[in-house]
Amino acid sequence: MKSLAVYGMLSEGRMNNVKSLVGALALVFFVSGCATDRSLSPPPSGEKVTFIIKTPEELKPSAMRVMYRSAKCQRVTHDAHGQPRRVDGKNLYEGRFELSGETGMYQTELFLNGGGACEWRLSNVVFSVVHRNPQNFGKGVVSGAGAEVIVTFDHNNPQLRVSTPVPVTGSEVNVVKDLYPWIKESFISGYIKRLGLSGKDGGDYTYYAPQARNVYFEPVLHSGFVVTSVAPKKHVIGDFIGFHYPDGTVESDGRSEPDFEKLQKIRLDAEAKK
């Protein structure tokens, strides 16, 4: 009787293994035989968009976030009321800029037509620059948020939306912006000091440019004009971030980012006196 029980247990185990194997084979068949291949496959001779960053030595580009969308391979999402709706499918990956030895600029190219069974099309691109050496601004200073450029090529919402897109007509997008080193000191949830970049509109620039074929970004860093922010050490109503500007003034008026126009005036006044 004992041997029969053991045999029964072994037989049951074998049956479970067989069922698992059949299920796995069915899944493989479904994926390979029925599901649409969602990979990108741009035609080699397809039209491209060129991205160029001209940056000072202190800055470097971070990874580029690229999104393609497909009206053919749609996906189901839900609205605020829980009702399902179909939207364009998305394919997201990270790209990299390469430094050109000839121009000294960072450059990369992206296909407009992503190809593949889903007929992917370039939807939006997010790229940024950050400071190369945050430790130059003091012991323990780490890298923080940089200046970000978002370019959208269709009417879908971009993967990151921080401002209303500026419409651009034609094939050229030229972005030249003044930036200032911004040291951010925080205490709540652990002390940390980060180095970011302060610019107009928060240092994030969004463009709607469906015809763009050349995107040029030139961040102009004014390293000699550093702004520092010191956050409150506790959550107290009425306590705000204090901003220490390069002319020695301190302001704490409820804003969460430095006053860009004030920084511009401080720099221009200082340059005029030279």
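Every chain is numbered independently, its residues counted from 1 as its sequence is written. Owing to the predicted nature of the model, reporting of local features is limited to residues with pLDDT of at least 70; listing and counting of side-chain atom pairs is limited to 80 or more, with chain, interface and lining totals taken over all residues. For side-chain calculations, the full set of non-hydrogen atoms in the structure is used, while hydrogens and water are omitted.

(A) Representation of the pattern of salt bridges within the structure. We define a salt bridge as a contact between a side-chain nitrogen of Lys or Arg and a carboxyl oxygen of Asp or Glu at a distance within 4 Å. Under the defined criterion, the tally for this structure stands at 11 salt bridges. Between Glu109 and Lys48 there is a salt bridge; the shortest N-O distance is 3.5 Å. On the criterion of sequence distance, the pair formed by Glu109 in strand E6 (residues 106–111) and Lys48 in strand E1 (residues 48–53) is long-range, its members being 61 residues apart. Accessibility here uses a 1.4 Å probe with only protein chains present; expressed as a share of the type maximum, an area under 20% marks a residue as buried, one over 50% as exposed, and anything in between as partly exposed. Owing to a relative accessible area of 43%, Glu109 belongs among the partly exposed residues under this scheme. For Lys48, a relative accessible area of 34% corresponds to the partly exposed category. Residue Asp253 pairs with Arg255 through a salt bridge whose shortest N-O separation is 3.6 Å. Using a relative accessible area of 45% as the deciding quantity, one classes Asp253 as partly exposed. A run of H or I in DSSP counts as a helix once it spans at least four residues, and a run of E counts as a strand once it spans at least two, with each numbered from the N terminus.

(B) Expanded view of the confidence of the model for the chain. Residues at a pLDDT of 70 or more form 87% of the chain, whose mean pLDDT is 85. For every residue, the predictor reports its confidence as pLDDT, a number between 0 and 100. Any pair of residues with heavy atoms lying within 4.5 Å of one another is described as a contacting pair. Under a pLDDT of 50 for its full length, residues 1–34 has, in the predicted model, 3 contacts with residues more than four places off or in other chains.

(C) A look at a positive patch on the surface. Among the surface-exposed residues, Arg38, Arg75, Arg85 and Lys90 lie close enough to one another that they form a single positively charged patch. Its location among the elements puts Arg38 in the loop between helix H1 (2–33) and E1. Surface patches are defined over residues having more than 30% relative accessible area and no salt bridge, joining like charges when they lie within 9 Å and nonpolar side chains (Val, Leu, Ile, Met, Phe, Trp, Tyr) when within 5 Å. We get accessible surface area from the Shrake-Rupley algorithm with a probe of 1.4 Å; when it comes to residues, only the shown protein chains can shield them. In this tally Asp and Glu are treated as negative and Lys and Arg as positive; neither His nor the chain ends contributes. Where a charge lies is defined by one atom per residue type: Lys uses NZ, Arg uses CZ, Asp uses CG and Glu uses CD.

(D) Examining the nonpolar core more closely. The criterion is simple. A nonpolar core is a set of buried Ala, Val, Leu, Ile, Met, Phe, Trp, Tyr and Cys residues joined through side-chain atoms within 4.5 Å. Formed by 34 residues in total, the largest nonpolar core has its most connected members in Phe51, Leu122, Val125, Phe127 and Phe153. When contributions to this core are tallied by element, the ones reaching two or more residues are E1, strand E3 (64–78), E6, strand E8 (120–131), strand E10 (147–152), strand E12 (172–186), strand E14 (204–208) and strand E15 (214–221). Discounting residues that sit within four places of it in the chain, Phe51 has contacts with Met64, Phe97, Tyr106, Gln107, Thr108, Leu110, Val125, Phe127, Phe153 and Val215. Counting 9 residues, the second largest nonpolar core, distinct from the first, contains Trp182, Val227, Tyr245 and Ile266.

(E) Representation of the packing of aromatic side chains. In this scheme Phe, Tyr and Trp rings, the latter by its six-membered ring, pair at centre separations within 6.5 Å, and the angle between planes marks the pair as stacked below 30 degrees, edge-to-face above 60, and tilted otherwise. Evaluation of the coordinates by the stated rule reveals 8 aromatic pairs. Between Phe127 and Phe217 the ring centres are 6.1 Å apart and the planes differ by 65°, which places this aromatic pair in the edge-to-face class. Taken together, the residues span a long stretch of sequence, with Phe127 in strand E8 and Phe217 in strand E15 at a distance of 90 residues. Pair check on accessibility: Phe127 and Phe217 agree, each one buried. Relative to Phe260, the ring of Tyr180 has its centre 6.1 Å away and its plane inclined at 65°; by these criteria the two rings are edge-to-face. Taken together, the residues span a long stretch of sequence, with Tyr180 in strand E12 and Phe260 in helix H2 (residues 260–272) at a distance of 80 residues. Across the ring face of Trp182, the terminal group of Lys184 is positioned such that the distance to the ring centre comes to 4.4 Å. Two thresholds decide whether a charge sits over a ring: the Lys NZ or Arg CZ must be within 6 Å of the ring centre and within 35 degrees of the ring normal. Across from the ring centre of Tyr245, 5.2 Å away, lies the NZ or CZ of Lys262, which sits over that ring.

(F) Looking closely at the pairing of E12. The criterion for strand pairing is that DSSP finds at least two bridges linking the strands in question. In this structure, E12 lies alongside E15, joined through 8 bridges in parallel fashion. Within E15, the position partnered with Val176 by the bridge is Glu218. In this sheet, strand E13 (residues 192–199) lies alongside E12 in antiparallel orientation, the contact comprising 8 bridges. Across the sheet, the residue bridging to Tyr180 is Ser198, located in E13.

(G) Spatial organisation of the pairing of E10. Most of E10 is tucked away: 6 of the 6 residues are buried. Across the two faces of E10 the burial is the same, with Ala147, Val149 and Val151 and Glu148, Ile150 and Thr152 all buried. Where E8 meets E10, 6 bridges bridge the pair, whose relative direction is antiparallel. Residue pairing for E10: Phe127 is matched across the bridge by Val149.

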